[in-house]
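# Structural characterization, general
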Protein chains: 2
Amino acid sequence: MVYITPSSGVRRYGVSVMGIHIIAEFRGVDPKKISRVEELQVILDKIIIKSGLHVVSSKFHQFEPYGVSAIYLLSESHLSVHTWPEYSYMALDIFTCGDDNPALKAFELLIAEFQPKKVKKRIIRRDVIGEDKS
Amino acid sequence: MVYITPSSGVRRYGVSVMGIHIIAEFRGVDPKKISRVEELQVILDKIIIKSGLHVVSSKFHQFEPYGVSAIYLLSESHLSVHTWPEYSYMALDIFTCGDDNPALKAFELLIAEFQPKKVKKRIIRRDVIGEDKS
């Protein structure tokens, strides 16, 4: 995979523009880690940097009394997290175009960090160029 | 479905917390409508208001020379649009919890507005409370 440009804010993809969309449900997550923006943002920022994804901007919303929505716009597409601490539950989406590896790495890091008791993962293929084969 | 609170920024859901995630690919879209943030934002803002979804914040990114990423954080979860005008393609995600109708309405309005020549739609169920049955 050859990236067409290395600079942030410009789309990264190679000759084949195939998207991967990881949709995951984490259950049995420690509610303390997912209740407030302040804690969750620090965790997610670190994971995204480690995974090799490229953030163009991010947005967070604190629900009251608890619960967070977090969206990272990436040069590769987006990563979103919605948490319901009252159910020890978080919903994750990682949608990237180009190389699958950063998305898969981010997913591994999220598992390692939040240690969910139960994980449901679905992978959707999104083919940007031409017909969708999935 | 009884909403627990009507105010913006507070989560909206009833006794059953079932999420719907509409994942869609639009092909054959007029590139002019999806090239620049300025145009796309006006269109999307109108559709979201008409659909009955509740925006808590939004974020847009202009790719150069063209292409847009748009994310709306909703009290119901999120709506995202990524466009590749060079392929007349846009990738849509509408993930909401509670009543399915605003998400389905938003999807109908997106179809009516962008008039894609080809649509691929996938619906994923995301059950926040308890086990995921899907």
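Residues numbered from 1 in each chain as written. Chains lettered and ligands numbered in written order. Predicted model: local features only at pLDDT ≥ 70, side-chain atom pairs only at ≥ 80, totals over all residues. Heavy atoms only, no water.

Attention now moves to the interface of chain B and chain A. Taken together, the contact pairs 52 residues of chain B with 52 residues of chain A. At the boundary of chain B with chain A, total buried surface from both sides reaches about 4,100 Å², with 54% on carbon and sulfur atoms. At the boundary of chain B with chain A, the tally comes to 4 salt bridges. The partner of Arg-126 of chain B in a salt bridge is Glu-25 of chain A, and the shortest N-O contact between them spans 2.8 Å. Put simply, chain B and chain A have 12 residue pairs in polar contact (both at pLDDT 80 or more) between them. Of all the secondary structure elements, the ones that give two or more residues to the side of chain B that touches chain A are strand 1 (18–27), strand 2 (55–62), strand 3 (68–74), strand 4 (77–84), strand 5 (89–97) and strand 6 (118–127) of chain B. No other element matches strand 6 of chain B, which puts 7 residues into the side of chain B that touches chain A. Of the residues assigned to the side of chain B that touches chain A, the class counts are 23 nonpolar, 15 polar and 14 charged. (Contact = heavy atoms within 4.5 Å. Buried area = accessible area lost by both parts, 1.4 Å probe. Salt bridge = Lys/Arg side-chain N within 4 Å of Asp/Glu carboxyl O. Polar contact = N/O pair within 3.5 Å; in protein donor to acceptor, adjacent residues only side chain to side chain. Helix = DSSP H or I, 4+ residues; strand = E, 2+ residues; numbered from the N terminus. Nonpolar A, V, L, I, M, F, W, Y, C, P; charged D, E, K, R; others polar.)

All names here are of chain B. Where helix 1 (residues 37–51) contacts helix 2 (residues 101–114), the two axes come as close as 9 Å, and the packing angle between them is 140°. Two packed elements cross with a definite hand, and for helix 1 against helix 2 that hand is right-handed. Contact with helix 1, carried on its side by Leu-40, Ile-43, Leu-44, Ile-47, Lys-50 and Ser-51, involves Pro-102, Lys-105, Ala-106, Leu-109, Leu-110, Glu-113 and Phe-114 of helix 2 and no other residues of that element. Considering only residue class, the contact of helix 1 with helix 2 consists of 9 nonpolar, 1 polar and 3 charged. (Axes fitted to C-alpha atoms, helices over the stretch in contact; angles between N-to-C directions. Left-handed = near helix turned anticlockwise from the far one by under 90°.)

Before going further, it helps to examine the relation of the copies chain B and chain A. Superposition of chain B onto chain A requires a rotation of 180° combined with a translation of 0.0 Å along the rotation axis, giving an RMSD of 0.0 Å. As the rotation angle and translation indicate, the two copies are arranged about a two-fold axis. Taken together, the interface assignments show that 100% of the residues at the interface of chain B recur at the interface of chain A, consistent with an identical surface on both copies. (Least-squares fit on C-alpha atoms with pLDDT ≥ 70 in both.)

Before going further, it helps to spend a moment on the nonpolar core. With 29 residues, the main nonpolar core has Phe-26, Leu-79 and Phe-114 of chain A as its most contacted residues. For this core, the secondary structure elements donating two or more residues are strand 1 (18–27), helix 1 (37–51), strand 3 (68–74), strand 4 (77–84), strand 5 (89–97) and helix 2 (101–114) of chain A. Not counting residues within four places of it along the chain, the set of residues in contact with Phe-114 of chain A comprises Phe-26, Val-29, Lys-33, Ile-34, Leu-40, Ile-43, Leu-44 and Met-90 of chain A. Judged by nonpolar contacts, the second largest core, of 28 residues, contains Ile-34, Ile-43, Leu-79 and Ala-106 of chain B. (Core = buried A, V, L, I, M, F, W, Y, C linked by side-chain atoms within 4.5 Å. Buried < 20%, exposed > 50% of the residue type's maximum accessible area, 1.4 Å probe, protein only.)

Before going further, it helps to spend a moment on the pairing of strand 1 of chain A. Residue and element names in this part refer to chain A. Most of strand 1 sits inside the fold, with 9 of its 10 residues counted as buried. Here 10 bridges tie strand 1 to strand 6 (residues 118–127), and the two strands are oriented antiparallel to one another. Across the sheet, the residue bridging to Ile-22 is Ile-123, located in strand 6. Sheet topology note: the strand 1/strand 5 ladder contains 8 bridges and is antiparallel. Each bridged residue has a counterpart across the sheet, and for Glu-25 the counterpart in strand 5 is Ala-91. (Pairing = 2+ DSSP bridges.)

What follows covers the environment of Tyr-89 of chain A. Note on placement: Tyr-89 of chain A falls in strand 5. Put simply, Tyr-89 of chain A and Phe-26 of chain A are 63 residues apart on the chain and 5.6 Å apart in space, counted from C-alpha to C-alpha.

In this model, Glu-64 of chain A is joined to Pro-65 of chain A through a cis peptide bond whose omega is 5°. Relative to the elements of secondary structure, Pro-65 of chain A occurs in the loop between strand 2 (55–62) and strand 3. At Ser-77 of chain B, a position not held by glycine, the phi torsion is positive, near 145°. As for its placement among the helices and strands, Ser-77 of chain B is situated in strand 4. Residue Ser-77 of chain B is classed as buried on the basis of its relative accessible area of 2%.

Applying the stated criterion across every chain yields a total of 12 salt bridges over all chains. For the salt bridge of Glu-25 of chain A with Arg-122 of chain A, the shortest nitrogen-to-oxygen distance reads 3.3 Å. Taken as a pair, Glu-25 of chain A in strand 1 and Arg-122 of chain A in strand 6 lie far apart in primary sequence, 97 residues in all. Glu-25 of chain A gets classed as buried once you look at its relative accessible area, which sits at 0%. The class of Arg-122 of chain A is buried, set by a relative accessible area of 17%. Several salt bridges converge on common partners, so that one network encompasses Glu-25, Asp-93 and Arg-122 of chain A together with Arg-126 of chain B.

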